[in-house]
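Each chain, written out:
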Amino acid sequence: MIAIVFLLVLLAIVIVVSRTTGVAALPVGEIMMLIGLFVVFFGSGIYIAAVLGTLALLAGFLFSDRPFWLFMGQVIWAPSSSFVLVAVPLFLLMGEILLRTGLSGQLYKALNVWLRRWPGGLLHTNIAACAVFSAISGSSVATAATMGSVALPYFEKTAYNERMVLGSLAAGGALGNLIPPGITFILYGLMTETSVGKMYIAAVLPSALVCALFFLVIFVHGWRLPNAARPPKASTEEKLRSIVDLLPTSVLILIVLAPSMAASRRRPKRRRSA
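Caption draft 1: View of the packing of helix α8 (residues 140–151) against helix α9 (residues 162–174). Look at α8 against α9: their axes get within 8 Å of each other, and the N-to-C directions meet at 145°. When the axes of α8 and α9 are compared, the crossing they make is right-handed. Between α8, through S140, T143, A144, M147, G148 and A151, and α9, the contact on the second element is made entirely by L169, G172, G173 and A174. Of the residues in the contact of α8 with α9, the class split is 5 nonpolar, 5 polar and no charged.

Structure (structure tokens):
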């Protein structure tokens, strides 16, 4: 409903602006047809990805002066022939592999050993696990889905506020697009011809700041509303075992991030003049 209202308001604004500025008449019929299809598709329960893909193809064809097959060929061939976009499905595949192999659960359990006695306990673990997983998967959807499926069983039969639990998982999932290697960095670098490795380096400080702010909010919440039963203190043996459990994830982060960051720091050698 919100999307439909937004489209109608946007259409009204465009029509008013075109009339007041004297711009050529807009194809109102085509725009209204797209809005009608938008309402029908979403109202019929079709998958959102299929709806958006169909509307994008129709909109491109309606506002293009090229034949349909020429338009379809260019639209389909251009993204599929881009070598950079190969990383997008591979990142999603990596997130699925981590979930199925149990490495994501191992990561969550290891971080919980170090963070469970902080004010907020498991909520801190949600943010930390999502941050580390984001440095591997590069996708907010994969991060939220994977860590949500891993973390929610830990909160069963506990006194944690459900809104804070789901909010911490949603906030941690959003880090997937901010912490390198986010898929959005790849898409932006492809469209603007910007070095993806340099964008990864530039995103390190903002992503660390956002994580610190999330930790601060959870710390204040846990300090104001402490849990009645605090978890037991982790032993030295348990902490050492958790460090060993973090090694596979750390190696994966290095494998994913190191090549792109190293390539961005390489400077072309200057040719000596004769």
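Caption draft 2: The arrangement of the packing of aromatic side chains in detail. On inspection of all chains with the given rule, the structure shows 4 aromatic pairs. Relative to F215, the ring of W118 lies with its centre 6.4 Å away and its plane at 70°, an arrangement referred to as edge-to-face. Here F215 lies in helix α12 (residues 204–224) and W118 lies in the loop between α6 (103–115) and α7 (122–137), a separation of 97 residues in the sequence.

Caption draft 3: Looking closely at unusual backbone geometry. The omega torsion across P180 and P181 is 5°, close enough to zero to call that bond cis. Secondary-structure assignment places P181 in the loop between α9 and α10 (183–192).

Caption draft 4: Spotlight on α7. For α7, built from 16 residues, the straight-helix expectation of 22 Å at 1.5 Å per residue is met to within 8% by its first-to-last C-alpha distance of 22 Å. The buried count for α7 comes to 15 of 16 residues, which makes it a mostly enclosed element. Two residues or fewer after α7 comes G138, characterised by a positive phi angle close to 75°.

Caption draft 5: Spatial organisation of the side chain of S242. Among the secondary structure elements, S242 is positioned in helix α13 (residues 236–265). Residue class for S242 comes out buried when judged on its relative accessible area of 2%. Those residues in contact with S242, other than ones at most four positions away along the chain, are A110, V113 and W114.

Caption draft 6: Looking closely at the pattern of salt bridges. Evaluated as defined, the whole model comprises 2 salt bridges. A salt bridge links E238 to R116, with the shortest nitrogen-to-oxygen separation between them at 3.4 Å. Separated by 122 residues along the polypeptide, E238 in helix α13 and R116 in the loop between α6 and α7 bring together distant segments of the chain. A residue is classified by how much of its surface remains accessible, and R116, at 15% relative accessible area, is buried. A salt bridge links R241 to E237; its shortest N-O distance comes to 3.1 Å. Of this pair, R241 and E237 both sit in helix α13, separated by 4 residues, roughly a single helical turn. The exposed category is assigned to E237, whose relative accessible area is 57%.

Definitions and cut-offs
Residues numbered from 1 in each chain as written. Predicted model: local features only at pLDDT ≥ 70, side-chain atom pairs only at ≥ 80, totals over all residues. Heavy atoms only, no water. Axes fitted to C-alpha atoms, helices over the stretch in contact; angles between N-to-C directions. Helix = DSSP H or I, 4+ residues; strand = E, 2+ residues; numbered from the N terminus. Left-handed = near helix turned anticlockwise from the far one by under 90°. Contact = heavy atoms within 4.5 Å. Nonpolar A, V, L, I, M, F, W, Y, C, P; charged D, E, K, R; others polar. Phe/Tyr/Trp six-rings, centres within 6.5 Å; stacked < 30°, edge-to-face > 60°. Expected span 1.5 Å × (residues − 1). Buried < 20%, exposed > 50% of the residue type's maximum accessible area, 1.4 Å probe, protein only. Salt bridge = Lys/Arg side-chain N within 4 Å of Asp/Glu carboxyl O.

Everything listed here is a matter of geometry and, on its own, says nothing about what the molecule does.
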